[in-house]
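So you can see what is in the structure, the chains are spelled out below.
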Amino acid sequence: MSESSTDSNCSRRYCKCRSEIKHWTSWTDLNPRRRFEACCNNRNSKRGLHFFAWVENERCPRGKEILPGLLRRLRGMEDELRATTENFRLMEEEKNKLEQKLREEEEEIKILKKQNLGIGQQVVVLKGEILSYQLRQRWFRVVVLLCFMIVILFINMDDLVV
Ligand SMILES: [Zn+2]
C-alpha cells in the first residue's frame, strides 16, 4: 500500500500505543485517493492493536475503474520526469566537466602565448644580430677590396718606377 500523510495539527489524537493518529491518503488500486486516519506507528494495520479508520466511503465502481489507470499514468509521468531530471543532471555534470576542461585549455593557451612571446623576442634579437653581421661583412668586403686595389696600385707603381 502506498500512502501520503496530510498532517492536521489542530486536533491531536493518539493511538493506544501513544503514537499520534494522522490523516493519510491511500493510493492503492483498491482504494485510490481514499483518505483514512491511522496510527503513525503502524498505519497499514487494520486490526486491533493500532488505530485505523477510513475517513471517506469507498469510491463508486466507475471511479475505482478509472482512477487506477489515471494513477498508473501519473506514476509513469513521474518516472519519466525523474528520468528527465536525472538526464538533465548528467548533462549538467558533463557541461561542468567541459567548462573545466575549457578553462584548463585556456590557461594552457595563455602559457603557450607567453612562451611564443619569448620566442618572438628571441627572433627579433637574432634578426638584429644577423643584420649587424651582414653589415660588418659588407664593410669587410669593402676593406678587402680597398686593400687589394692599393696592392695592385703599388705593384703598378713599382712597374712604372722600373
Ligand atoms: Zn498505534
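Note that the coordinates shown come from a computational prediction; the quantities given were computed from them, not determined experimentally.

Asker: When you look at the overall build of the chain in this model, what are you seeing that I'm missing?
Answerer: Across its full length, the chain holds one helix and five strands. The buried share of the chain, taken over its 162 residues, is 6%. Considering only intrachain contacts with a sequence separation of at least 6, the fraction spanning at least 24 residues in the chain is 28%.

Asker: What is the right way to read the pairing of strand S4 (residues 32-39) from this model?
Answerer: The two faces of a sheet get side chains in turn, since along a regular strand they alternate between them. With seven bridges connecting them, strand S3 (residues 20-27) and S4 associate as antiparallel partners. Considered in S4, the bridge of His23 is made with Glu37. Taking the residues between adjacent antiparallel strands as the criterion, S3 and S4 are bridged by four residues. Inspection of the sheet shows S4 paired to strand S5 (residues 52-54) by three bridges, in the antiparallel sense. Within S5, the residue paired with Phe36 across the bridge is Trp54.

Reading the values: rules and limits
Residues numbered from 1 in each chain as written. Predicted model: local features only at pLDDT ≥ 70, side-chain atom pairs only at ≥ 80, totals over all residues. Helix = DSSP H or I, 4+ residues; strand = E, 2+ residues; numbered from the N terminus. Buried ≥ 20, exposed ≤ 12 C-beta atoms within 10 Å, placed from the backbone. Contact = placed C-beta atoms within 7 Å. Pairing = 2+ DSSP bridges.

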